[in-house]
Amino acid sequence: MTGKRIVTATINGKAVWLAVDNRMSLLDALREAAGLTGAKEGCLTGDCGACSVIMNGRVVDSCLVMAAEAEGATLTTVEGIANGSQLHPLQKQFLRHAALQCGICTPGFLVSAKALLDATPNPTEHEIRYWMAGNLCRCTGYEKILSAVKDAAAELRNAKG
Amino acid sequence: MGKLQVTEQSKRYKVIGTRPVRHDGEDKVTGRARYGGDLFFKDLLWCKVLRSPHAHAKILSIDASRALRLPGVMAIVTSADLPRLEDRMVESGEGVENLKFMTDRLLARDKVLFKGHAIAAVAAVDVWTAEEACNLIEVKYEPLKAVVDPLEAMAEGAPLLHGTLTTMTLGKKVQKASNVCTHTQFKRGDVHAAFKGSDVVIEREFRTKTTHQGYIELHTATALARSDGQITVWTSTQGGFAAREQIATILALPLSRIKVVPMEIGGGFGGRIPVYMEPIVALLSIRTGKPVKHTMTRAEDFQATGPASATVSRIKIGARKDGTFTALQAWMAYEGGAFPGNWGATGAMCVFSAYKAEHLLVDSLDVMTNTPKVAAYRAPSSPQAMWGVDSVVDEIAETLKMDPLELRLKNAVEEGSLKADGLPYGRIGLRECLLAARQTEHWKSPLPEGPYTGRGTAVGFWHNAGLQSSAIVPINMDGTASVVTGSVDIGGSRASMAIIAAETLGLKAEEVRPSVADTDSIGHTDVTGGSRTTMTTGQAVYEACQDAIAQMKLRVAKLWDTQAEHVEFKDGRFVHAKDPGKTMTVKQLAPNLPRTGGPVQGRASVLTRQPGAGFGCHIADVQVDPDTGKVTVLRYTAVQDAGTAIHPSYVEGQMQGGVTQGIGWALNEEYVHNERGEMMNPGFLDYRMPTFPDVPHIETVIVEVPNPNHAYGVRGVGETPIVPPMATLHNAIAHAIGARVRSLPMTPHKVLDALMETAKMAAD
């Protein structure tokens, strides 16, 4: 099990190779080897969603994926959601609605919400609540997150016209 | 989303009451913000902790020799490496703590007192080596009988946690050793005579289980000790200064040797006031000369950090036929965990905080148990005390066939009413909250249709803390400003500090840059806790701005060739008292600062003793599934007095977040212990906090009864909203099923049992 390897992957549109320990999770690899600390450690058991990233089109808890499993994968982290200096509508709406307090769960919610809106441009409230049932927030009571996701969805739909 | 009741008071303001984007927001939505765990150094050593598998045992020996021989292990420390501190009480964050117990809590010395109690800490080249080394440390234990229930811990013959500790009862030491560390009593009049003369007397017993703050960020700390003796600690803490004091005390070092850099913090709710790892990683860094980092697992976080007390309480209230309360009596026992605390005393102040009565008797006990030492959790001790009261109040309303809000209005405390300790309240807003609740759409609308639905209401209180804060406000050469404080920002307080400075200086919120300083860069500031930051640190920011304004008046006087007393500052600009047409803004003055005497920075340090109590009133509709006992919260409204809402979105956010934690405490959350005192559910899967689909829309109504002790009328808002949900939901469930569940959490099986009981009684 011990030993090191090189993992090549596409992270936020950029081809990278990462030197990782075989025992590392994808979360550790992103945070320590790639320097992308946006994905957070909340439980390391797949229960809180703070480490959510999109891997080959699916939202995963990166704490439950081994770094070695990401070989050849396409990954999107919270750092890859904005378009350069232009914030994604989800990011703008989270700020406008004050949908974060401490902000530790925010990267996971943004990644999860982005995957939802990529697949479902006009989600119902029920769909939003259940899609993000795996993302825990202890500060906000979810109310303002709901408003932010709804408004971001509308903004994205309007932009597509 | 929320409705803000605008009073005459808040209409006066230009920036206060607006909702600017928080200044630290972009970093938090792009992943750039640096939290405690986000630091990595090239030569970082990783720390892991060996913890007790027993809830109660003597430590016979610790042998780390095999572990030390493992390649990659750099240092191992145990309690033997910590200085022995004297038996003396010191201020620590939100309470007082005995020095001797501070070190014993951190690393067990002769006995382990709870499962998860730290015994040894390893620093190694990677986390796996540190873990493996922990497994190689040999500890010989003599297991002892453990006790986790506060009532069992009080019983005759219960295993004693500390063999020699006796009870401090009503200020006096009792001779016999006991697990009860303090008995607090408040007494007014003669409750026994008053109960005899009452038309209605109801007495009930209530229980709650241990709960956890459940912040999402794991406890984490990193330290670097240099060879010149200077130590830097990067950590997620609610107070850099409180952390520094605890580290310095435990390591017996001067404060000047330690710098604490408070990183962005992923939630605290009181749980990040005590330090758990900071002194240990500092000690390991002293030993190795390298930076050392420790991050707990979630299981360690549940088992080895301070949760909130389990409680048993008996509440008795007497009333006349017209609803006037005659006498209030409470007996309460608070789980304190493995070391002496003061949570029962805190609860004694909260229990009848909302109601007036001539006669009052409160007895409250702090009981030590083989569980981690209890820490503050949002309005600590208040939810456990108040929910039983508002259940009994609801039963009195039913008995007297009175509207529950009317009954509460009749007995609600107001300015001049006496608190349990006999001191009078200042200006408070409970009545205004109850009146506002009665006017809500929610209260006026009928219950949702369907079987087993019910509506409940209840109130909540928190003292709000004042304490000490420092602020610096440098004026920039272009007329913008910075605000530097020592208050860690957990929920958007930087935005509030910027708003207060902007309002005071006549700037826009965006023209003020707020930041949180480390312990080298600002004067002492107490923790972000006790709902004190916007109130007290906000007051410090206001006074620092006034200091800057006073300095700037001298400069304006120079430019106008007049005396400073002729320069006034009104509506955000300097005005010539003799020539009101002559005005100057801070922006216009700023470029002239270099040639009129140099830079200007305002500064202030404040100590607030009269912070202004906070009250709220909640309303909930629930539906109970008669087959499973599951409770669904259909609708929820929270009403609260914020004094003045500086940034209404973050006030609403505090209310909605408090409600959600309260829903969890009411319906799901509890530590489940086995007979050996082990927590059986130390993870988010089994300690189930509310998820997105579990909570309804939470409507908010902000009431503004300005706090006369604050420049802008601010009251703390963070803690009060966790208090009412337990009784609000309990009362709603009672109305839905016709039975009362007097034990938290009100899980499906307890609700189902209550339902079946009423069905049986109806059949009989």
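Residues numbered from 1 in each chain as written. Chains lettered and ligands numbered in written order. Predicted model: local features only at pLDDT ≥ 70, side-chain atom pairs only at ≥ 80, totals over all residues.

Asker: If you had to explain helix 1 (residues 26–33) of chain A to someone new, which residues and values would you point to?
Answerer: One turn of an α-helix holds 3.6 residues; hence residues three or four places apart share an orientation. All names here are of chain A. Of all 8 residues making up helix 1, 6 are buried, and the element is well covered by its neighbours. Within helix 1 the residues assigned to the buried category are L26, L27, D28, A29, L30 and R31. Those residues of helix 1 that are buried are in contact with strand 1 (4–11) and strand 2 (14–21). Phi turns positive, to about 75°, at G35, one or two residues after helix 1. (Buried ≥ 20, exposed ≤ 12 C-beta atoms within 10 Å, placed from the backbone. Helix = DSSP H or I, 4+ residues; strand = E, 2+ residues; numbered from the N terminus. Contact = placed C-beta atoms within 7 Å.)

Asker: Requested: an account of the domain arrangement of chain A, with residues and values cited.
Answerer: Residues and elements named next belong to chain A. For chain A, the assigned domains read domain 1 (4–80) and domain 2 (89–160). Spacing between the C-alpha centres of domain 1 and domain 2 amounts to 21 Å. Taken together, the contact pairs 15 residues of domain 1 with 11 residues of domain 2. At 3 residues, the largest contribution of residues to the side of domain 1 that touches domain 2 is made by strand 3 (residues 52–55). (Domains from an automatic or database assignment.)

Asker: Run through the interface of chain B and chain A, naming residues and quoting values.
Answerer: Tallying the contact residues gives 46 residues for chain B and 45 residues for chain A. Elements that contribute at least two residues to the side of chain B that touches chain A include exactly helix 2 (25–30) and helix 20 (648–667) of chain B. Per-element tally for the side of chain B that touches chain A: the top contributor is helix 20 of chain B, with 8 residues.

Asker: Help me get a handle on the domain arrangement of chain B, residues and values and all.
Answerer: All names here are of chain B. Domain boundaries in chain B define domain 1 (433–463 + 613–764) and domain 2 (466–608). Taking only C-alpha atoms, the centre of domain 1 and the centre of domain 2 are 40 Å apart. Across the boundary between the two partners, domain 1 contributes 16 residues, which contact 14 residues of domain 2. In terms of residues, the side of domain 1 that touches domain 2 owes the most to one element, helix 20, which gives 3 residues. Within the side of domain 1 that touches domain 2, the residues separate by chemical class into 7 nonpolar, 7 polar and 2 charged. (Nonpolar A, V, L, I, M, F, W, Y, C, P; charged D, E, K, R; others polar.)

Asker: Account for unusual backbone geometry, with residues named and values stated.
Answerer: In terms of backbone geometry, most residues other than glycine have negative phi values and most peptide bonds are trans. Residue and element names in this part refer to chain B. Residue P745 is bonded to the preceding L744 through a cis peptide linkage, with omega at -5°. Structurally, the position occupied by P745 is in the loop between helix 21 (725–737) and helix 22 (748–763). Although it is not a glycine, A252 adopts a positive phi angle of roughly 55°. Here A252 lies in the loop between helix 8 (240–251) and strand 16 (258–262). For A252, a count of 12 C-beta atoms within 10 Å corresponds to the exposed category. Unlike most non-glycine residues, N464 shows phi in positive territory, near 70°. Within the element layout of this structure, N464 appears in the loop between strand 21 (453–462) and strand 22 (467–474).

Asker: Let's hear about the environment of G677 of chain B: which residues, and what values?
Answerer: All names here are of chain B. Tracing the backbone through its elements, the reader meets G677 in the loop between helix 20 and strand 31 (698–703). Each C-alpha atom of the pair G677 and E26 lies 45 Å from the other, and the pair is 651 residues apart in sequence. Look past the residues within four positions of G677 in its chain and what remains in contact with it is A55, H56, K115, A146, V148 and N370.

Asker: Describe the sheet that holds strand 13 (residues 200–208) of chain B, with residues and values.
Answerer: Residues and elements named next belong to chain B. One open sheet holds the 7 strands; their spatial order is 11-10-12-20-19-18-13, and the pairing between them is mixed. Both edges of this open sheet fall to strand 11 (172–177) and strand 13, since each of them pairs with a single strand only. Put simply, the sheet's adjacent strands are angled 10° from each other on average, direction ignored. Where strand 13 meets strand 18 (residues 311–319), 9 bridges bridge the pair, whose relative direction is antiparallel. Looking across to strand 18, one finds that T208 is bridged to T311. (Pairing = 2+ DSSP bridges. Axes fitted to C-alpha atoms, helices over the stretch in contact; angles between N-to-C directions.)

Asker: Describe the sheet that holds strand 27 (residues 583–584) of chain B, naming the residues involved and giving the relevant values.
Answerer: All names here are of chain B. Strands sit in the order 25-26-27 across an open sheet of 3 strands; the sheet is antiparallel. Across the chains shown, the open sheet's two edge strands, defined by having one partner strand only, are strand 25 (567–570) and strand 27. Relative to strand 27, strand 26 (residues 573–576) runs antiparallel, the two being bridged by 2 bridges. The residue of strand 27 that forms the bridge with V575 is T583. Its contacts with the sheet put helix 17 (residues 533–560) on strand 25, strand 26 and strand 27, and the angle it makes with strand 25 is roughly 130°.

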